Amino acid sequence: MGVGKIKSGRRTKATFVQVGFASLVVIGVALAFAFTQGQATGASATAPQTTQQMTLIGASTIHSTPLGSGAVANPETDSRDGEGDGPGIKPGSSADVVVRPFATSSTSKMPRHRTNLPIPSKFAASRASAAARPNTSSSTFPPPEPNVPASFVVGFQAPGFAGFNGLSHVDQRLANGGNQFSLEPPDQSLCAGNGFVIETVNDVIQVYSTRGTVLVGVEDMNSFFGLATQINRTTLVRGPFLSDPRCFYDSQTQRWFVTELMEDDGGNPGATGRNFNLIAVSQTADPTQPFTVFKYDVTDDGLDGTPSHPGCPCFGDQPLFGTDKFGVYQTTNEFGDFFNGAQIYAISKAKLVAAANGGPAPIVLGIDASQQLVPFGGESYSIQPATAPGQDDWDHDQGGSAHGGVEYFLSALQFVDTFDNRIAVWALTNTKSLNCSSPNLTLAFDVLSSETYGQPNPASQKLGDIPLGASFGEGLVTLNTNDDRMNQVVFSQGILFSGVNSLLKVGGAEQQGIAWFGVQPSFKGSTLTGRIVRQGYVAVKGNDVLFPSLGINDEGNGVIAYTLAGNGFFPSAAYTDIFAGFALPIVHIAGAGQDSDDGFTGYVAEGGDGTGRWGDYSAAVADGDRIWFASEYIPNKCTTNALPCRTSLANWGTFFATVRPFGF
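Undergrad: What's the story with the confidence of the model for the protein chain in this structure? I'm lost.
TA: Fine structural detail should not be taken from predicted coordinates in areas where pLDDT scores are low. For the protein chain, the average pLDDT comes to 87, and 85% of its residues sit at 70 or higher. Of the regions scoring below 50 in pLDDT, residues 1-17 engages in 38 contacts with residues more than four places distant in sequence or in other chains. Within the model, pLDDT remains below 50 along residues 21-38, and this stretch shows 24 contacts once partners closer than five positions in the same chain are excluded.

Undergrad: Sorry, what's going on with the state of the cysteines here?
TA: Each disulfide consists of a covalent bond between the sulfur atoms of two cysteine residues. Under the counting rule described, the total for this entry stands at 3 disulfides. In this model, Cys-312 is linked to Cys-314 through a disulfide, with the two sulfur atoms separated by 2.0 Å. Between Cys-312 and Cys-314, the S-S dihedral sits near -90°, and the bridge is therefore left-handed. One disulfide in the model links Cys-638 with Cys-645; its S-S distance is 1.8 Å. Between Cys-638 and Cys-645, the S-S torsion sits near -90°, and that sign places the bridge as left-handed. Judged by its relative accessible area of 25%, Cys-645 falls in the partly exposed class. For the protein chain, numbering the cysteines in disulfides from first to last along the sequence yields the connectivity 1-2, 3-4, 5-6.

Undergrad: Can you help me understand the environment of Gly-615 in this one?
TA: Take Gly-615: it is sitting in the loop between strand 34 (611-612) and strand 35 (619-623). Taking C-alpha positions, Gly-615 is 6.7 Å from Gln-188, a pair spaced 427 residues apart along the chain.

Undergrad: Is there a simple way to think about the sheet that holds strand 13 (residues 255-263) in this case?
TA: To summarise the sheet geometry, strands pair through backbone hydrogen bonds and adopt either a parallel or an antiparallel arrangement. Spatially, 5 strands are ordered 4-15-14-13-12 in an open sheet, and the strand pairing comes out antiparallel. Looking at which strands have only one partner, the edges of the open sheet turn out to be strand 4 (55-60) and strand 12 (241-250). Taking each pair of neighbouring strands and ignoring which way they run, the sheet shows an average axis angle of 20°. Strand direction decides the pairing type here: strand 12 and strand 13, joined by 8 bridges, are antiparallel. When the bridges of strand 13 are listed, Phe-248 appears paired with Phe-257.

Quick notes on the rules
Residues numbered from 1 in each chain as written. Predicted model: local features only at pLDDT ≥ 70, side-chain atom pairs only at ≥ 80, totals over all residues. Heavy atoms only, no water. pLDDT = per-residue confidence, 0-100. Contact = heavy atoms within 4.5 Å. Disulfide = S-S within 2.5 Å. Buried < 20%, exposed > 50% of the residue type's maximum accessible area, 1.4 Å probe, protein only. Helix = DSSP H or I, 4+ residues; strand = E, 2+ residues; numbered from the N terminus. Pairing = 2+ DSSP bridges. Axes fitted to C-alpha atoms, helices over the stretch in contact; angles between N-to-C directions.

Listed below in structure tokens is the structure:
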């Protein structure tokens, strides 16, 4: 579907009132933040490392593909044998028995969690009674549920606001002549730079101008990566399964990076049955021009140059993405017969860019980071790598200068109970050596005391039209908040910013909110240390906010982007201002939801359990002094489940917007 400009903001009296209010709030918060969060402990660690060669797939472009008719087809969802219904904890098991995500059959109609799989201990903790949870030796652990002040929903926008409708389920399902499955959730990704904006979701991609005009797209991701289609509607042959897209514009190299996971388990000729991370790198600074596509193996069964991990062949779930001056980094959560924890992959940025323009494919350094946090309660998970708004942030990083380049990461530590008050900061040092034939990186981490956060419950939503649910005789679903893993990390002015979903109380009533953090990493000699210099909550009384992304510019200003939903709001795209590194207690609605979520993943008739897949993550990024952000919302009020308003199985859309936070 085409993009439409919704609103363009101008500076008004409200803008200047907001700036003045922001200054007072920052002063107050800074005084209140006079305490220094103590370190839980500091530690450095070695981790097993292996190398493999990247494989060239070929050249590609982002280009428009023909649209299908939208007619309901059989099969409509990706229910191939062997994918399982909900990889994670085996239903009915009292122990943490992990269902292998690509080797377990299921009687349900579709896979609800083929990716973004539940972390076993977190999954169990969220469903266990207090009496069943593990005992701890500390009388102060687990910490009590946080009771936080409410943020206020306001009727004005941040300076320079402009918002646009983005990709939708109609785009996703109709792309490539309709040779697509119906997918939920969209898994929002957005990147901006050099006068362009790229949006990609499960499983389509599109390029816009900074005015929101569509330049090229919609294209399905299988075609973009040079792979067989999701499903050939004539032969019913299924191609590789792709999920969890990410994109980033790197101002240092002036190149675009687009990534996604691939399960190469289709029935198409040449399918290997193995699992890969895909990386497409633009050949110029213009994303409408060619990309070069690479892959590397994450099956980790000792074949194809991979290490031999327990319970593999394995699947690298939800590959995350980050960069520093010297490298490109991805991390995954590894699932096989067991949960194998977080894996880190490092690639020379310079060599990867050179390879995109015809040079040899670089090596990938793999690091098993799964065991580092075991003394603190469990295997490492979702170690989020950082990106930075500009090269200056890496140039001014004293730790990086002293240690041959550093890539930073953050992760959560909620392992065995509903709440925790610790997070971890990580560093890969000597990243400059990625440009050598034999890279020599060191992984270190530090565990910090933080504000309390905890496993969220599903989010509520306002009742509207649910024609799909009504056709099944089912009622309104809740929205899946997944868990409290760390979301995307940005490194600005020497501080790492990120946030998590969290259960919390607002005025004594439980809601789903956001806990966010600002961590200042440093080194004492070769030892990594961290200090929490910013932290806070976003919460709305009587409603829920979920899936945060922090976009921060070089001045420390930006936004926290997320979904707002509840009894008072249809699922909407919303954001909170960050001024000088502090979040203001206000909520702007960027894209107001027009109806209830009415997608197939929530309904029992389609294999659901009353909670629909939502978001998995949002996106926010700085482009100079501007911030771009995007999240899932419901764009149309639809009384019937039919085109052109929506598809027969889902009504999700995305909304992306830009602001110039407190810039004049």
